[in-house]
Structure formats: C-alpha cells, structure tokens
Amino acid sequence: VFPGVRQAQWLTKTKLVEGLPPAVQGIMDNPALGLPELEERAKHVVSHARLWDTAEVAPRREKYCPVLFENLIHICRLMSGKYPSLSKRMLARNFRIAATWERESILLQVRGLSGILMNSVTPIPPVASKEEILATKEHVLETFYPIAPTIDLQEVNVYKELNDTGQRFRDGYPYSHPHTLFFLESANVRTDRFRPEQLRAKMLMFAFGNALAKAKALHGNDPKVLEQPVVVQSIGTDGQLFQFMVFQLNTTDLVSNDGIKNLVWIDSDQNLYERAQCVPEVKKRVVTKPAGISGFQPDTFKKFLALYLHGTV
C-alpha cells in the first residue's frame with residue numbers, strides 16, 4: 001500500500017522539489033530539437049490510441065493506455081537519427097526489483113514488479129549540484145507523530161536482505177544503468193487503479209529502490225554519501241493524466257534523519273488531452289460534439305520527450 005508521497009519521502013529520506021529540474025526544463029526549451037514538428041505526430045498517436053485502434057465504439061483503458069505508451073515511445077525513438085546514443089537503450093518488462101535498507105530501527109524492503117524500465121548504456125548525470133546536495137542537510141523531514149510512518153506497510157519475515165536489480169544487470173550486460181520507469185495504470189475499473197497520489201508514491205518508492213540497488217551494486221552495502229549520485233526517472237499515466245518524476249539518490253546512509261537527504265522533483269497531474277469523443281454527439285439531428293480529440297496539451301508531450309532525451313541531449 002502506498003498512501004502518499006509524504007510517507008514515501010520519510011521512508012526514503014527524501015526532500016521534495018515541485019516541478020521538473022532545470023536540466024529537463026532546458027531540453028523542453030531548446031529550439032534546436034524541433035519539438036513542434038513532433039507535436040503533430042503526438043496528436044496523431046493520441047487519436048490512433050483513443051479513436052482508431054479498436055473495433056469497439058469506445059476503446060477500453062486497458063487497451064488504449066498501452067497503445068498510447070508504445071506510440072509515444074516510438075516518437076521518442078525517432079530522435080535517435082539526430083542523437084545516435086539514444087539507440088543504446090533497452091526496455092525491460094515484467095522484471096522484479098528488491099532493495100533493502102534500514103530507517104531508524106526499522107528494516108525496510110521494496111520489492112516486486114517494477115513497471116517497465118528503460119535501461120541505458122550510460123547513467124543520467126546528477127541533476128543537483130554539490131551545493132544543492134549539501135543544502136539538504138538543513139532540510140527537516142516531516143514526522144507523523146503520534147502515527148508511525150510505517151503504520152500501513154505490510155509486515156513480513158525477511159530471511160534474506162536482498163538488493164537485486166534483476167536479471168538485466170548481470171556482469172557484462174551493456175544496458176546496465178536504470179534510466180526511466182514507466183507505470184501504466186490501465187485498469188478499466190477506476191477502483192482497480194492507483195489514485196494519482198498513490199501512483200506518485202509508488203513511482204517514488206520504485207525509483208528509489210532501483211537507484212539504491214544500483215548504488216549498492218556499484219559501491220557495496222556500507223552506508224555512505226555517494227560521490228556520484230544515482231538518478232532514476234519515473235513516468236506514470238492512466239492514458240490521459242501523466243505524472244513526471246526525477247529522483248536523485250545522494251546517500252545510502254538512511255538510518256537517521258540527519259545529514260544529506262535524497263532529492264525528488266515531481267510534476268503532478270498533467271493532462272495530455274482534455275477529452276476524447278469517440279463517436280459524435282447528436283441532438284435533434286445536429287452534431288453538437290464532433291468525434292475527435294480536444295484540448296491536446298503539447299507541454300505534457302514535451303515533458304515526456306524531455307525525460308526520454310535526458311542524459312543524452
């Protein structure tokens with residue numbers, strides 16, 4: 001259960017920054033990328049997923065959400081002609097992650113299916129400067145007294161403290177760096193989907209888990225402030241509403257509330273489009289709402305693309 005980002009911040013010893021980091025914003029604002037040319041393609045793939053790729057009157061979310069994701073990734077891959085290093089990426093599906101750490105006197109573990117992970121040959125460079133990292137010492141983590149911050153976590157007997165990045169990171173695997181996690185909340189019934197706040201908390205926990213497992217694989221299990229922080233991004237969507245996240249693991253010394261904290265940038269609740277009208281609405285033989293996509297938001301698409309390009313551009 002992931003009730004909220006505030007709890008996830010405490011569990012992962014993380015300071016929250018609203019919005020996307022300057023490194024990502026700079027990609028969005030770069031005129032040399034020719035992003036407007038790709039916006040028309042993005043509009044087209046929304047129409048394809050919501051209106052055309054079905055024999056039904058209205059496609060179900062479990063159908064159109066994955067189709068939309070695959071089509072957006074395809075647009076991103078078109079940039080590999082301009083940036084050849086983008087071809088050195090790999091999508092891993094249905095893999096499991098396990099990461100274990102101690103927080104105060106509590107042994108914690110995040111494990112399970114971890115969305116779709118895009119791996120890269122090279123890591124994403126740190127997005128916060130050394131000065132910004134040092135400044136996190138002053139940040140005071142929120143407590144939930146008298147409620148324990150672990151109140152709703154599942155208690156299990158841990159027989160082995162796993163830190164496992166999955167089969168994909170065995171010695172010699174070229175795509176050894178986690179880049180971006182994608183979470184598709186595609187259940188058709190609303191109650192079967194995570195609410196946006198729950199989804200953001202899940203995204204944070206698994207971005208942290210992937211970063212921690214990678215850091216321990218690189219630097220061992222001893223708690224320490226990392227000379228080279230590990231950055232893992234996350235994007236979550238239900239096929240219309242998007243959540244964007246950049247997580248930077250600055251320290252694996254997580255027991256106390258003191259010292260360096262980790263950092264996360266979150267851009268919440270960004271619609272890619274306002275409405276999809278699958279069939280025209282007709283009143284008194286007059287079309288009052290034509291079929292089509294309305295309220296397309298190019299900035300949301302740009303954010304998706306910028307996170308994909310981050311670390312290369």
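The rules behind the values
Residues numbered from 1 in each chain as written. Predicted model: local features only at pLDDT ≥ 70, side-chain atom pairs only at ≥ 80, totals over all residues. Heavy atoms only, no water. UniProt positions renumbered as here; feature names shortened; annotations may be inferred. Helix = DSSP H or I, 4+ residues; strand = E, 2+ residues; numbered from the N terminus. Contact = heavy atoms within 4.5 Å. Areas by Shrake-Rupley, 256 points an atom, 1.4 Å probe, with all protein chains shown as cover. Buried < 20%, exposed > 50% of the residue type's maximum accessible area, 1.4 Å probe, protein only. Pairing = 2+ DSSP bridges. Right-handed = clockwise from strand over helix to strand, strands pointing away. Polar contact = N/O pair within 3.5 Å; in protein donor to acceptor, adjacent residues only side chain to side chain. Axes fitted to C-alpha atoms, helices over the stretch in contact; angles between N-to-C directions. Phe/Tyr/Trp six-rings, centres within 6.5 Å; stacked < 30°, edge-to-face > 60°. Lys NZ or Arg CZ within 6 Å of the ring centre and 35° of its normal.

Going by the annotation in an unreviewed UniProt entry, the name recorded for the chain is Large ribosomal subunit protein mL37, with Panurus biarmicus given as the source organism. Among the UniProt annotations of the chain, the heading Subcellular location (unreviewed entry) holds the following wording: "Mitochondrion".

Caption draft 1: Fine view of the overall build of the chain. Along the chain, the regular secondary structure elements total seven helices and 13 strands. Of all intrachain contacts in the chain linking residues separated by at least 6 positions in sequence, the fraction that spans at least 24 positions is 76%. Carbon and sulfur atoms make up 50% of the accessible area of the chain, which totals about 15500 Å².

Caption draft 2: View of the pairing of strand β6 (residues 177-184). The buried fraction of β6 is high, at seven of eight residues. Bridging between strand β5 (residues 116-120) and β6 involves five bridges; their strand directions are antiparallel. Residue pairing in the sheet places S120 in a bridge with H177 of β6. Strand direction decides the pairing type here: β6 and strand β7 (residues 225-237), joined by five bridges, are parallel. If you follow L184 over to β7, its bridge partner there is T237. Taken together, β6, helix α6 (residues 196-219) and β7 constitute a β-α-β crossover, and its handedness is right-handed.

Caption draft 3: Layout of unusual backbone geometry. Positive phi, close to 55 degrees, is recorded for K13, a residue that is not glycine. Of the residues examined, K13 reaches a relative accessible area of 1% and is grouped as buried.

Caption draft 4: Region of interest: the side chain of Q243. Here Q243 lies in strand β8 (residues 241-251). Within the structure, the side chain of Q243 is placed 2.9 Å from the side chain of R200, a separation counted as a polar contact. Other than its neighbours up to four places away in sequence, Q243 contacts P196, L199, R200, M203, S234, I235, G236, D267, S268 and D269.

Caption draft 5: Main features of the sheet that holds strand β1 (residues 14-18). Sheet architecture is open: seven strands sit in the order β1-β9-β8-β7-β6-β5-β2, paired in mixed fashion. Here the strands that pair on one side only, and so sit at the sheet edges, are β1 and β2 (89-92). The mean angle between the axes of side-by-side strands here comes to 20 degrees, regardless of whether they run parallel or antiparallel. Each of β5, β6, β7, β8 and β9 (262-271) is contacted by α6, which is oriented at about 35 degrees to β8, the strand it contacts most.

Caption draft 6: Focus on the packing of aromatic side chains. Going through the model one piece at a time under the given rule, you end up with seven aromatic pairs. Pairing F182 with F304 gives two aromatic rings, centres 5.9 Å apart and planes at 35 degrees, and the pair type is tilted. Taken together, the positions of F182 in strand β6 and F304 in helix α7 (residues 298-309) put the pair 122 residues apart, joining distant regions of the chain. When sorted by exposure, F182 lands in the same class as F304, which is buried. An angle of 90 degrees between the planes, with centres 6.1 Å apart, marks the rings of F242 and F304 as edge-to-face. Placement of the pair is F242 in strand β8 and F304 in helix α7, with a sequence separation of 62 residues. Both residues of the pair, F242 and F304, belong to the buried class. By the ring-pair criterion, three or more aromatic residues cluster together here, those being F69, F182, F242, F244 and F304. The ring of Y64 has R50 sitting right over it, with the charged end atom 3.9 Å from the ring centre.

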